[in-house]
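Observations on the three-dimensional arrangement
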Amino acid sequence: MMTDPIADMLTRIRNAVSVERPYVDIPASRVKRGLADVLKREGFIWDWKEEDTEPVKTLRLELKYGPNGERVIQTIKRISKPGRRLYSRSKELKPVLGGLGIRIISTSKGVVSDREARRDKIGGEVLCEVS
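Residues numbered from 1 in each chain as written. Predicted model: local features only at pLDDT ≥ 70, side-chain atom pairs only at ≥ 80, totals over all residues. Heavy atoms only, no water.

- The protein chain appears in an unreviewed UniProt entry as Small ribosomal subunit protein uS8 from Neorhodopirellula pilleata.
- Quoted verbatim from the Function (unreviewed entry) field of UniProt, the annotation for the protein chain is "One of the primary rRNA binding proteins, it binds directly to 16S rRNA central domain where it helps coordinate assembly of the platform of the 30S subunit."
- Looking at the protein chain in UniProt, the text filed under Sequence similarities (unreviewed entry) is "Belongs to the universal ribosomal protein uS8 family." (UniProt positions renumbered as here; feature names shortened; annotations may be inferred.)

Laid out in structure tokens, this is it:
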């Protein structure tokens with residue numbers, strides 16, 4: 001049993017980026033699919049796909065690097081934790097690094113970036129911050 005599967009996903013991504021792996025495999029769930037989709041829409045990964053493996057399905061994220069091998073994901077950290085949940089209204093969401101980074105938020109409309117949450121005027125639980 002895993003206490004915080006989202007933190008596990010972020011740690012796997014962080015570790016794979018630090019050793020410049022082309023992809024990373026993560027056990028699948030609905031929230032993780034939402035996180036991967038936001039990372040793709042915002043340009044932090046190339047693509048993701050779900051593979052049928054046993055005993056659970058697996059998400060394979062194709063990590064993105066610059067033309068000279070520089071990392072697109074510099075930092076990725078968990079904000080809301082199981083012991084301390086952090087919720088935010090749309091008006092309280094400020095840009096990360098002047099708009100170069102994003103916060104990923106779990107809302108009633110699904111998992112979205114802070115830009116989308118501000119545009120749609122919806123708040124929710126701040127899952128993580130990527131820059």
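Points about the sheet that holds strand β1 (residues 23–27)
- Overall, antiparallel pairing links the 3 strands, which are arranged β1-β3-β2 in an open sheet. Each edge of the sheet is formed by a strand with only one pairing partner; in this case those strands are β1 and β2 (45–51). Taking the axes of each pair of neighbouring strands and ignoring which way they run, one obtains an average angle of 20 degrees across the sheet.
- In this sheet, strand β3 (residues 58–63) lies alongside β2 in antiparallel orientation, the contact comprising 6 bridges. Within the sheet, the bridge partner assigned to Lys49 lies in β3 and is Arg60.
- Contacts from helix α2 (residues 30–41) reach β1, β2 and β3 within the one sheet, and its direction differs from that of β2 by about 155 degrees. (Pairing = 2+ DSSP bridges. Helix = DSSP H or I, 4+ residues; strand = E, 2+ residues; numbered from the N terminus. Axes fitted to C-alpha atoms, helices over the stretch in contact; angles between N-to-C directions. Contact = heavy atoms within 4.5 Å.)

Considering the pairing of β3
- By the bridge criterion, 5 bridges tie β1 to β3 in an arrangement that is antiparallel. Residue pairing across strands places Ile26 opposite Leu59, the latter belonging to β3.
- What sits between β2 and β3 in their antiparallel hairpin is a turn of 6 residues.

Some thoughts on the pattern of salt bridges
- Throughout the structure, instances matching the rule amount to 17 salt bridges.
- Lys57 is the salt-bridge partner of Asp52, the closest N and O atoms lying 3.9 Å from each other.
- Residue Arg89 is joined to Glu92 by a salt bridge in which the shortest nitrogen-to-oxygen separation is 3.6 Å.
- For Arg89, a relative accessible area of 62% puts it in the exposed group. (Salt bridge = Lys/Arg side-chain N within 4 Å of Asp/Glu carboxyl O. Buried < 20%, exposed > 50% of the residue type's maximum accessible area, 1.4 Å probe, protein only.)

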